[in-house]
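Coordinates in review
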Amino acid sequence: MVERKRSVCPLNCPDRCGIIATVERGRIIKLQGDPEHPFTAGFLCNKVLHFTERLYSPLRILHPMRRIGAKGEGKFVPISWEEALDEIVARFQQIVQEYGGEAILPYSYTGTLGYVHAQGMGHRFFHRLGATQLDRTICSAGANAGWEVTLGKDPMGPDPMDLEYADLIILWGINAVSTSPHLMPFVNQARKKGARLIVVDPYRNRTAKQADEHLMLRPGTDAALALGMMQVIINENRIDKEFIAQYTVGFDQLKERVQVYPPEQVASITGLPVEQIRNLARAYAMAQTSYIRLGTGLSRHQNGGMAIRAITCLPGLTGAWKRRGGGIMRVTHGAYRLNTAKFDRKDLAPPNTRRINMLHLPDALLTLDNPPVKALFVFHSNPVAINPNQQKLIQGLRRSDLFTVVHEQVFTDTTDYADLVLPATTFLEHTDFYRGYGHHFMQMAYPVVAPLGESKPDHELFSLLAQRMGFTESCFAESPEEMIKTLFETDDPYLEGITYEMIASGKPIRLKLPDPYLPYQNGFPTPSGKIEFYSETLAQQGMDPLPHYTPLQEGPENLMLTARYPLQLIVPPAHHFLNSNFGEVKMMQRREGAPQLLMHPQDAAARGLQDGDMVRIYNDRGETLRTLRISEDTREGVVVAEGIWWAKHNPGGRGINQLTADRTADLGGGSVFHSNLVEVERYLLTELRVSSA
Ligand SMILES: Nc1nc2c(c(=O)[nH]1)N[C@H]1C(S)=C(S)[C@@H](COP(=O)(O)OP(=O)(O)OC[C@H]3O[C@@H](n4cnc5c(=O)[nH]c(N)nc54)[C@H](O)[C@@H]3O)O[C@H]1N2
Ligand SMILES: Nc1nc2c(c(=O)[nH]1)N[C@H]1C(S)=C(S)[C@@H](COP(=O)(O)OP(=O)(O)OC[C@H]3O[C@@H](n4cnc5c(=O)[nH]c(N)nc54)[C@H](O)[C@@H]3O)O[C@H]1N2
Ligand SMILES: [Mo]
């Protein structure tokens, strides 16, 4: 018998697609887009379309496993769930007794964005345990902080389904064709109606190739570009005075500040022609309805929080917010005011529990004291592949006294370092509730097939552990459905009339947004209630209250460092991987080709390199090997490494995050994935054979 069942893509992508799975005798034979989903409209990306390659992968973990080889070797034998749970509980109890709960560190991130599994039972368990808390900063903490200073907490933005009302669209630091593909039909529809598409990005990515205009700026210089645009807009009096008076604070100070950024100066900072900067400013100010879709990539720089802050000032000058489809959108999180108060049960944690920034995992394992980290519990994350400073991290994971548990779907770079590996279900095998962050829909999904092997959802795993630890709070016995129900205990107007029963239908449900939807029409959630060109909050923290541009500490202005490492490296996502997901899938590896490095012809000539050469990319933190692609799709001085290839699938066994820094950015403790200096040289394959022998 063939059945068709609804599901939802849980991966960390703005689109949160509706899926239809075709099931035959308990096995999924096909996945396709749900044509009834108004935003994702019946198509899936090339990756999730083939999710069965992950579901039924030969690398799928089907039983709890115990390590038998050395850490890093990846040798395991199957054990029973009973044994695994007993061992975890015994080790945890012993560690708590000897060192306290803070000696245990959970590390989880975004393998799934389902509420129940990503921020439900696991969070409850570690809060109750008194474990060290993790600041989950790696993706967007810097961007959120930069946004918050200017526009307030809980970012919202104009509906992408209103793009048809825009006559100017700027995709700023977002490779939407790859990273949010369902945005593109709305962009293209607007273009058919005459809208112009401008892309601001240091390399000609798939999205830039489709644009009317591409500003190929130097990485880490967006704040300067935005400030230069503001100077033109203000000095040429292309501002909306009424909007500024009513909805903003600090215009006079901003006007004075932007005088330091004349377009000529900005041209030399950004590497863009001065006319391109002026024209962009004018086009932006003259547009009837301008829609900036801001990516998160550009915030992953040392100065990235301030870049976001500077760009988010722009629609405040032109009053773009006043019009349907106008303004700036990065994520739509803030529009979903679900009742999460009772969800992760922060209240169960002892007061003032230690917190560490996830980017500092290598140091947490190597140098943290009082207490040291004695146990690491990884779930829905693959830190060896995705966390910066891979070599230092691996050094920490090799510690023989560290007890590491990893709950995973497939054997990854991280499971290699685990003492115990536990089999996890995929979204097709468990119940959860999801919402998009690139649109305004939410949806619940039920298991499409039974869990493979002995795999268990995070929800069940942590309920079982809580029981064994003797945690008697009733929250540990709640079902996924009960947990999801509590999210709707709210009288927020955007959720008015949306009941749990509607959600339980499994259909995509749109927030009750006003029609037309103008985000922030009731004011901005900043201390002043207005757009803060001038931020009293920053002033009180002794920081510059106005937007500004700071050169990168690890960038071309650092002459000491560039003498050894003259190239800026950026590390954006691959088209065929989702962070590290699908890195194990042969079909995706083939489609992606190989780990490649894009380099400008002049940089290649200066190093005597040829297209197709195997190159060694290195800096003080580490090294990795990639195949060289010589191309004018990048600027001189900037090399581009798309994709998080797993270390074990990368020639030489080292991943791209060998090169990235575990420093934090200017605001919010965000990551600095794109602020790296490197050097590149030819690598002879004979050396590879010797070193891996
Ligand atoms: N196919 C695919 N889709 C994905 C992902 C994936 O791995 N693969 N990852 C998902 C996740 S977790 C996220 S957070 C999003 C990320 O998606 P995006 O928001 O698109 O962010 P990034 O892809 O990190 O970077 C986007 C662009 O920023 C550019 N960039 C780097 N430095 C600068 C700069 O200084 N200025 C400017 N203007 N641009 C710069 C990069 O070149 C890149 O083209 O995508 C999600 N979607
Ligand atoms: N070089 C470089 N590094 C980057 C980035 C970059 O652009 N370049 N981007 C950064 C960004 S934006 C992000 S968001 C992070 C992403 O960091 P992560 O969120 O750690 O990335 P994923 O690769 O999605 O790894 C998630 C893992 O969770 C597993 N998983 C999925 N569902 C479940 C589940 O229900 N239960 C359990 N137990 N496991 C599950 C998956 O199999 C996968 O191995 O990476 C960051 N790292
Ligand atoms: Mo992310």
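This text follows the structure it describes.
As a starting point, this report considers the structure included with it. (Residues numbered from 1 in each chain as written. Chains lettered and ligands numbered in written order. Predicted model: local features only at pLDDT ≥ 70, side-chain atom pairs only at ≥ 80, totals over all residues. Heavy atoms only, no water.)

Concerning helix H2 (residues 81-99)
To keep it simple, the criterion reads: Helical segments are the DSSP runs of H or I of at least four residues, strand segments are the runs of E of at least two, and each set is numbered from the N terminus. Here the expected span of a helix is defined as 1.5 Å times the quantity of residues minus one. Classification of residues uses two cut-offs on accessible area relative to the type maximum, computed with a 1.4 Å probe and protein chains only: under 20% is buried, over 50% is exposed, and between them is partly exposed. To obtain the arc, one takes the directions from the helix axis to the C-beta atoms.
The end-to-end C-alpha distance of H2 is 26 Å, a good match for the 27 Å that 19 residues give at a rise of 1.5 Å each. Buried residues of H2: Trp81, Ala84, Leu85, Ile88, Val89, Phe92 and Ile95, and no others. Buried residues of H2 fall within an arc of 135° about the axis and therefore sit on the same side. What points out from H2, more than 90 degrees from its buried face, is the exposed set Gln97 and Glu98.

Side note on the pattern of salt bridges
Note the following rule: Throughout this description, the term salt bridge denotes a Lys or Arg side-chain nitrogen within 4 Å of a carboxyl oxygen of Asp or Glu.
Following the criterion strictly, the structure yields 49 salt bridges and no others. A salt bridge links Glu478 to Arg124; the nearest nitrogen and oxygen atoms lie 3.2 Å apart. One end of the pair, Glu478, is in the loop between helix H17 (458-469) and helix H18 (480-487); the other, Arg124, is in helix H4 (residues 121-129), and 354 residues separate them in sequence. When its relative accessible area of 1% is taken as the criterion, Arg124 is described as buried. Here Arg621 ties to Glu554 by a salt bridge, and the two come within 2.8 Å at their closest N and O atoms.

A word on the site of ligand 2
Threshold: When at least one non-hydrogen atom of a residue lies within 4 Å of a molecule or strand, that residue is treated as near it. The term polar contact refers here to a pair of N or O atoms within 3.5 Å; inside protein, the definition further demands a hydrogen-donor-capable atom paired with an acceptor-capable atom, and it admits residues adjacent in sequence only when both atoms are side-chain atoms. Think of it as three bins: nonpolar holds Ala, Val, Leu, Ile, Met, Phe, Trp, Tyr, Cys and Pro, charged holds Asp, Glu, Lys and Arg, and polar takes everything else, Gly as well.
Among the 29 residues in the neighbourhood of ligand 2, the closest are listed as Arg54, Ser381, Glu408, Ser580 and Asn581. Residue His380 places a main-chain N or O atom 3.3 Å away from a nitrogen atom belonging to ligand 2. Side-chain polar atom of Ser580 to an oxygen atom of ligand 2: 2.5 Å apart, as the coordinates give it. Residue classes in the shell around ligand 2 are distributed as 10 nonpolar, 15 polar and 4 charged.

Thoughts on the site of ligand 1
How we decide: The protein chains shown are the only cover counted for residues, whose accessible areas, like all others here, come from Shrake-Rupley with a 1.4 Å probe.
Not every one of the 33 residues close to ligand 1 is listed here, only the nearest: Asp201, Gly220, Asp222, Phe577 and Asn579. One of the backbone N or O atoms of Gly173 is found 3.4 Å from an oxygen atom in ligand 1. Contact between ligand 1 and Asn579: an oxygen atom at 2.7 Å from a main-chain N or O atom of the residue. When isolated, ligand 1 has an accessible area of 900 Å², and the protein chains bury 97% of it. Grouping the amino acids of the shell around ligand 1 by side-chain chemistry returns 15 nonpolar, 14 polar and 4 charged.

Remarks on the packing of helix H8 (residues 222-235) against helix H12 (residues 274-286)
Just so we agree on the cut-off: Axis geometry follows a simple rule: fit a line to the C-alpha atoms, using only the stretch in contact for helices, then measure angles between N-to-C directions, giving values from 0 to 180 degrees. The sense of a crossing depends on the near helix, which, turned anticlockwise from the far helix by less than a right angle, makes the crossing left-handed and, turned clockwise, makes it right-handed. In this description, contact between two residues means that some pair of their heavy atoms is separated by no more than 4.5 Å.
Viewed as axis vectors pointing N to C, H8 and H12 meet at an angle of 65°, and their least axial separation amounts to 9 Å. Of the two elements, H8 crosses H12, and the hand of that crossing is right-handed. Across the interface between the two elements, Leu225, Met229, Val232 and Ile233 of H8 pack against Ile277, Arg278, Leu280, Ala281, Arg282, Tyr284 and Ala285 of H12. Class assignment of the residues belonging to the contact of H8 with H12 gives a composition of 9 nonpolar, no polar and 2 charged.

Considerations on the side chain of Ser180
Within the secondary structure layout, Ser180 lies in the loop between helix H6 (176-179) and helix H7 (184-192). In this view, Ser180 contacts Pro14, Asp15, Asn175 and Arg293; residues no more than four positions away in its chain are not counted.

Observations concerning the nonpolar core
Rule in force here: As used in this record, nonpolar core signifies buried Ala, Val, Leu, Ile, Met, Phe, Trp, Tyr and Cys residues forming a set joined through side-chain atoms within 4.5 Å.
In terms of nonpolar packing, the biggest core is built from 110 residues, with Phe92, Phe125, Trp172 and Phe377 touching the most fellow members. The leading source of residues in this core is H8, at 10 residues. For Phe92, the contacting residues outside a window of four places in its chain are Ile104, Phe125, Phe126, Leu129, Ala375, Phe377, Phe403 and Met469. Core analysis: the second largest hydrophobic core is formed by 48 residues, Leu361, Val421, Leu628 and Val639 among them.

Side note on the environment of Asp666
Inspection of the secondary structure assignment puts Asp666 in the loop between strand S26 (638-640) and strand S27 (676-682). Counting along the chain gives 524 residues from Asp666 to Gly142, while the straight-line C-alpha distance between them is 7.5 Å. Beyond its immediate chain neighbours, meaning those up to four positions away, Asp666 contacts Gln302, Asn303, Gly304, Gly305, Met306 and Met543. Reaching out from Asp666, the side chain makes a polar contact with the backbone nitrogen of Gly305 at a distance of 2.9 Å.

Quick look at the side chain of Asp344
Note that Asp344 resides in the loop between strand S13 (327-329) and strand S14 (355-357). Among the polar contacts listed, one links the side chain of Asp344 to the side chain of Lys346, at a separation of 3.2 Å.

A word on the state of the cysteines
Put simply, the rule reads: We call a pair of cysteine sulfur atoms a disulfide whenever their separation is within 2.5 Å.
In this structure the tally under the stated criterion is 0 disulfides. In this structure Cys13 is a free cysteine whose sulfur lies 6.3 Å from that of Cys17, the closest cysteine sulfur available. By relative accessible area, which is 14% here, Cys13 ends up buried.

As for the packing of aromatic side chains
Where we set the bar: Note on aromatic pairs: the rings of Phe, Tyr and Trp (six-membered ring only in Trp) are paired at centre separations within 6.5 Å, and the planes decide the class, stacked below 30 degrees, edge-to-face beyond 60, tilted for the rest. As a reminder, the over-ring test applies to NZ of lysine and CZ of arginine, requiring each to be within 6 Å of the ring centre and within 35 degrees of the ring normal.
Across all of its chains, the model carries 26 aromatic pairs by this definition. Aromatic side chains Phe126 and Phe377 sit 5.5 Å apart centroid to centroid with 65° between the ring planes, which places their arrangement in the edge-to-face category. With a gap of 251 residues between them, Phe126 in helix H4 and Phe377 in strand S15 (residues 375-379) connect regions that are remote in the sequence. In terms of burial, Phe126 and Phe377 fall into one category: buried. For Arg27, the ring lying beneath its charged end belongs to Tyr56, and the centroid distance is 3.8 Å.

Description of the sheet that holds strand S2 (residues 18-24)
Just so we agree on the cut-off: At least two bridges found by DSSP between two strands are what make those strands a pair.
The sheet built from 3 strands is open, its strands ordered S1-S2-S3 with antiparallel pairing. Edge positions in the sheet fall to strand S1 (2-8) and strand S3 (27-33), since each has one partner strand and no second. Each strand of the sheet is rotated relative to its neighbour by a mean of 25°, with strand direction disregarded. Sheet topology note: the S2/S3 ladder contains 6 bridges and is antiparallel. Looking at the pairing, Ala21 lines up with Leu31 of S3.

Thoughts on the environment of Met216
Along the chain, Met216 turns up in the loop between strand S10 (213-215) and H8. On the basis of relative accessible area, Met216 is assigned to the buried category, the value being 14%. A C-alpha to C-alpha distance of 6.3 Å links Met216 and Val200, two positions 16 residues apart in sequence. Excluding its chain neighbours within four sequence positions, the residues that come into contact with Met216 are Asp201, Pro202, Tyr203, Arg204, Leu272, Glu632, Asp633, Thr634 and Arg635.

Some points on unusual backbone geometry
Going from Asn370 to Pro371, the amide bond is cis rather than trans, its omega being -10°. With respect to the secondary-structure elements, Pro371 resides in the loop between helix H14 (361-366) and S15. Between Asp515 and Pro516 the backbone carries a cis peptide bond, its omega angle lying at 0°. Relative to the assigned elements, Pro516 resides in the loop between strand S20 (509-510) and strand S21 (531-532). We note that His380 has phi near 30°; this positive angle belongs to a residue other than glycine. Here His380 is to be found in the loop between S15 and helix H15 (383-386). Taking relative accessible area as the criterion, His380 reaches 9% and is therefore assigned buried.

Considerations on the packing of H8 against helix H11 (residues 263-270)
This is how the line gets drawn: In what follows, roughly perpendicular refers to angles from 65 to 115 degrees, roughly parallel to angles under 35, roughly antiparallel to angles over 145, and oblique to any angle outside these ranges.
One can describe the packing of H8 onto H11 by two numbers: an axis separation of 9 Å at closest approach and a directional angle of 165°. Considered as vectors, H8 and H11 are oriented roughly antiparallel to each other. Of the two possible hands of crossing, H8 and H11 adopt the one that is left-handed. Residues Ala224, Leu225, Gly228, Gln231 and Val232 of H8 touch H11, and the partners they reach there are Pro263, Val266, Ile269 and Thr270. Within the contact of H8 with H11, the residues separate by chemical class into 6 nonpolar, 3 polar and no charged.

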